[in-house]
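Observations on chain architecture
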Amino acid sequence: MKGLIRNNFYSMENNIKISFIMALFSAAVSFFVKHDAFIQMIIAMQLFLFIVNAGASLHADEVSKWNRFELTLPVKSNDIIKAKYISFAILILLGIVMGSITAIYACVTNGFSNVYSIFYGYEFGLTLSATTAGIMYPLMLKIGTEKNELIMILSAIAAVGLPVLSSVILAPLTGEMNMKHPLVGMVSSIAALGIFIGSYFVSVKIHRLKEFH
């Protein structure tokens, strides 16, 4: 299991370094901007920056034929897929860590103290990251990674659509269609985690079928 996770990160090592640089630069920019929406956007973007590396990793595996070689390894499909999803979770965690750096930096340097804005940034970023990974991986596993950029874009669009849909459904309770309402953010995050967890079982089934082709 550890070897599979390590291989996942080897294939996207350079991209992760770039993500760290971009995330640190975004954190530094927060020193000059105190607007709530901007801080929210930075934190959400930092969470999403790391999960986009997953597409590059999956494409690298297919180009190197690793995805075929791993079928011959003495490990179960569950373990191979589990390693992928653990890697996705680590990427999301890295985004959360960088978002925390931004939040602390903004509070210390310019006195930014709107806790709700920071919390919403995490909620939106988590929704984007978990939904994108949950939709992207089963699709790439099923149809391949030749169009990984298109799949990533479509997955991200669906991820953005989730809080919009939640705000529409919850409008009778919130009084209006408001994506930034606490209830909408909470429901969107829970739904995104549900998609992420559910996609694991879908991916396991797809991977088992691929063993025979």
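So, here is what we can say about the structure in this document. (Residues numbered from 1 in each chain as written. Predicted model: local features only at pLDDT ≥ 70, side-chain atom pairs only at ≥ 80, totals over all residues. Heavy atoms only, no water.)

1. Remarks on the overall build of the chain
The helix and strand inventory of the chain stands at 10 helices and 0 strands. Looking at the chain as a whole, 45% of its 213 residues are labelled buried. By sequence separation, contacts in the chain at least 24 residues apart represent 79% of the contacts at least 6 residues apart. Summed over its atoms, the accessible surface of the chain is roughly 10900 Å², and 73% of this surface lies on carbon and sulfur atoms. (Helix = DSSP H or I, 4+ residues; strand = E, 2+ residues; numbered from the N terminus. Buried < 20%, exposed > 50% of the residue type's maximum accessible area, 1.4 Å probe, protein only. Contact = heavy atoms within 4.5 Å. Areas by Shrake-Rupley, 256 points an atom, 1.4 Å probe, with all protein chains shown as cover.)

2. Notes on the side chain of Ser 167
Residue placement: Ser 167 occurs in helix H8 (residues 148–169). Within polar-contact distance, the side chain of Ser 167 engages the backbone oxygen of Val 164 at 2.6 Å. Leave out the neighbours within four places in its chain, and Ser 167 touches Glu 176, Met 177, Asn 178, Met 179 and Val 184. (Polar contact = N/O pair within 3.5 Å; in protein donor to acceptor, adjacent residues only side chain to side chain.)

3. Examining the packing of aromatic side chains
The final tally for this structure, using the stated rule, is 8 aromatic pairs. Aromatic side chains Tyr 85 and Tyr 200 sit 5.7 Å apart centroid to centroid with 90° between the ring planes, which places their arrangement in the edge-to-face category. Of the two residues, Tyr 85 sits in helix H6 (residues 77–110) while Tyr 200 sits in helix H10 (residues 182–210), which places them 115 residues apart along the sequence. For Tyr 85, a relative accessible area of 6% puts it in the buried group. On the basis of relative accessible area, Tyr 200 is assigned to the buried category, the value being 16%. Residues Tyr 200 and Phe 201 carry aromatic rings whose centres are separated by 5.1 Å and whose planes lie at 75° to one another, so their mutual orientation is edge-to-face. Residue classification places Phe 201 among the exposed positions, given a relative accessible area of 55%. A network of ring pairs unites the aromatic residues Tyr 85, Phe 88, Tyr 137, Phe 196, Tyr 200 and Phe 201 as a single cluster. (Phe/Tyr/Trp six-rings, centres within 6.5 Å; stacked < 30°, edge-to-face > 60°.)

4. As for the packing of helix H2 (residues 13–29) against helix H3 (residues 36–51)
For the pair H2 and H3, the least separation of the axes is 9 Å and the interaxial angle reads 175°. By the angle class used here, H2 and H3 are roughly antiparallel. Across the interface between the two elements, Ile 16, Ser 19, Phe 20, Met 22, Ala 23, Ser 26, Ala 27 and Val 29 of H2 pack against Phe 38, Ile 42, Met 45, Gln 46, Leu 49 and Phe 50 of H3. When grouped by side-chain class, the residues that make up the contact of H2 with H3 number 11 nonpolar, 3 polar and no charged. (Axes fitted to C-alpha atoms, helices over the stretch in contact; angles between N-to-C directions. Parallel < 35°, antiparallel > 145°, perpendicular 65-115°, else oblique. Nonpolar A, V, L, I, M, F, W, Y, C, P; charged D, E, K, R; others polar.)

5. Remarks on a nonpolar patch on the surface
Residues Leu 24, Leu 93, Ile 96, Val 97 and Ile 101 make up a contiguous nonpolar surface patch of roughly 400 Å² in combined accessible area. The element best represented in the nonpolar patch is H6, accounting for 4 residues. Inspection of the secondary structure puts Ile 96 in helix H6. According to the relative accessible area criterion, Ile 96 is partly exposed, its value standing at 31%. (Patch = residues over 30% accessible without salt bridge, like charges linked within 9 Å, V, L, I, M, F, W, Y side chains within 5 Å. Salt bridge = Lys/Arg side-chain N within 4 Å of Asp/Glu carboxyl O.)

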